[in-house]
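So the chains spell out like this:
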Amino acid sequence: MRIGIRDAKVWIGDGFTEAFILVEDGKITSISKKQIRDVDELLDAYGQPIIPGGIDIHAHVYDPEYTMNEDWESGSLAAAYGGITSIYDMPLRVYVDNKDIVKKKIDEAKKHSYINYGIHAGFMNASNKDKIPELADMGIKGYKVFTARPFKAEETALGDIFELVRDVNGIVIAHAEDDGLIEYGYKRYKERDDIVAYHMHRSGYSEAAAIMRLGYYALETEAPLHIAHVSSSEGIEAIKFLRRKGTRITAETCPHFLYFTREDSKKYGAYLKLAPTLKTEHDREALWKALAEGQIETYVSDNAPAPRELKETNVWSAWGGIPNLEIMGPFLFTFGVLKRIITFDRFIDVFSRNPAKIMDIYPEKGELAIGSDADLVVLETRRAKVISASDHHHKVDWTPWEGMELFGAPIHVIVNGEIIIKEGQLVGKPGKGKYLSKKTRKRGWFI
């Protein structure tokens, strides 16, 4: 299958250049000024930007016990409409710590995913840490660890987990919040049944304290550490400190932390319940600055929606999580690039390149270059799309992003040389994605 993409704007260094892109057998084989006419399918980019497809390394897509929330078909399709061509499924409630559950997740994705898929293991603790080598044999790169409820790993097991992950060329992915400080906050605010109290009970201090402790385990063991969903200025400062110490540490943040504050949550109630919690305007600005400056390397969804009945209850018992996949690329383009907070090059870094590097799939994924996989997205930057639960592709019938106007929705989406979305319309079928298995490299490679 030879696909040509004409009149595309390719970002080269510090600006755009017009190019014709040729795709053959799933690979990019030519980027040039000259149009090649002998193709099976010719797509017009209309002078719009084309990027390597987004890579979301933290999304809750498929849990066999919670398919009413999201599944591979709905989640991967929402992701494609968010400009994402590869996604890593993070454990939700069911532990991903044995070959059977990994195989089930892969088999389901193979049948139902529109895009490429990877699997993270978790939640690692004293009882399942010895499964890490056999999980690595199945291609697992990321191993989720909690320092807090409800999946807290024993302190005495952390060193062993870091060593085992290091030895299989993996990466520890940490939900970093201090359980003691969470308990303290809960005691302070538990009598209040309001969303702001919930957000205040898990503070930035809790996040920073856990990051610091995990960072020293990473230093002691020389293992790579990735901090999930950073939400606070205190968390950023802890990461900066550990990086100066030489810690092999990377970090991510999410659209909800880049937009909402805990004061905004008054409008939405438990529909904006999340963990980690929303913080302040100061924290939001600090996160944007860290993203722009490279202190936070990646941008992820932490997608975790649930049906209304799991949200419309007491705030302390309500489900935590929101649907994010479909707004991912457009949100970052609109609020990052168009507002000149981040450059277009930085947009590609945090959305595509850096996630690929962290997960060891670069430059096959995450780059627009000859020889790279043809995972490509043409962005509509001239007309805004209004976000609505009435036509989004998530499984739930609500979104906190309702009514938001976003630029940068996909015109065309290509995955492994297959056209999935054409002129904004779904033309592909599920089952076209590939499993993103980790590579075997010498220990020491890192972003």
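Residues numbered from 1 in each chain as written. Predicted model: local features only at pLDDT ≥ 70, side-chain atom pairs only at ≥ 80, totals over all residues. Heavy atoms only, no water.

This part takes up the pairing of strand 12 (residues 249–253). Burial analysis of strand 12 places five of its five residues in the buried class, the great majority of the element. Where strand 11 (residues 225–227) meets strand 12, three bridges bridge the pair, whose relative direction is parallel. Residue pairing across strands places Ile227 opposite Ala251, the latter belonging to strand 12. In this view, the connection linking strand 11 to its parallel neighbour strand 12 by way of helix 8 (residues 233–245) has right-handed handedness. (Buried < 20%, exposed > 50% of the residue type's maximum accessible area, 1.4 Å probe, protein only. Helix = DSSP H or I, 4+ residues; strand = E, 2+ residues; numbered from the N terminus. Pairing = 2+ DSSP bridges. Right-handed = clockwise from strand over helix to strand, strands pointing away.)

This paragraph deals with the UniProt feature "domain: Amidohydrolase-related" (unreviewed entry) in the protein chain. The positions UniProt marks with the feature "domain: Amidohydrolase-related" (unreviewed entry) are residues 50–419. Secondary structure within residues 50–419 divides into 36% helix and 15% strand; the distance between the first and last C-alpha atoms comes to 14 Å. (UniProt positions renumbered as here; feature names shortened; annotations may be inferred.)

Attention shifts here to the sheet that holds strand 18 (residues 418–422). Spatially, five strands are ordered 5-14-17-18-19 in an open sheet, and the strand pairing comes out antiparallel. Each edge of the sheet is formed by a strand with only one pairing partner; in this case those strands are strand 5 (50–52) and strand 19 (425–426). Across three bridges, strand 17 (residues 409–415) lies against strand 18 in antiparallel orientation. The residue bridging Val413 from the neighbouring strand is Ile421, located in strand 18. Running over the sheet, helix 12 (residues 344–358) touches strand 5 and strand 14 (376–380) and is turned about 35° from strand 5. (Contact = heavy atoms within 4.5 Å. Axes fitted to C-alpha atoms, helices over the stretch in contact; angles between N-to-C directions.)

We now examine the layout of surface pockets. There is about 660 Å³ of room inside the largest pocket. If you go around the largest pocket, you meet 31 residues; those closest to its centre are Arg93, Pro150, Arg202, Ala275 and Gly320. Looking at the lining of the largest pocket, the elements that each hand over two or more residues are strand 9 (142–146) and helix 5 (179–189). Residues of the lining of the largest pocket, tallied by class, amount to 16 nonpolar, nine polar and six charged. There is about 350 Å³ of room inside the second largest pocket. With three residues, the top contributor of residues to the lining of the second largest pocket is strand 17. Class assignment of the residues belonging to the lining of the second largest pocket gives a composition of seven nonpolar, four polar and six charged. (1 Å grid on protein atoms, 1.4 Å probe; cavity = no way out; pocket = protein on both sides within 12 Å on 5 of 7 lines; lining within 4 Å. Points joined across faces, edges and corners; volume = space filled by probe spheres on them. Nonpolar A, V, L, I, M, F, W, Y, C, P; charged D, E, K, R; others polar.)

A word on the pattern of salt bridges. If you walk through the whole model with that rule in mind, you get 32 salt bridges. Two residues, Asp373 and Lys27, come together in a salt bridge whose shortest N-O distance is 2.5 Å. Highlighted residues: Asp373 in the loop between helix 12 and strand 14 and Lys27 in strand 3 (residues 27–32), separated in sequence by 346 residues. Judged by relative accessible area, Asp373 falls into the buried class, the value being 12%. With its nearest N and O atoms 3.0 Å apart, the salt bridge here joins Lys365 to Asp373. (Salt bridge = Lys/Arg side-chain N within 4 Å of Asp/Glu carboxyl O.)

Bringing the nonpolar core into the picture now. By size, the foremost hydrophobic cluster in this structure holds 111 residues, and its most contacted members are Tyr143, Leu225, Ile227, Phe331, Leu332, Phe344 and Phe347. At seven residues, the largest contribution of residues to this core is made by helix 12. With sequence-adjacent residues up to four places away left out, Leu332 is seen in contact with Trp288, Leu291, Tyr299, Val337, Ile342, Phe347, Val350 and Phe351. (Core = buried A, V, L, I, M, F, W, Y, C linked by side-chain atoms within 4.5 Å.)

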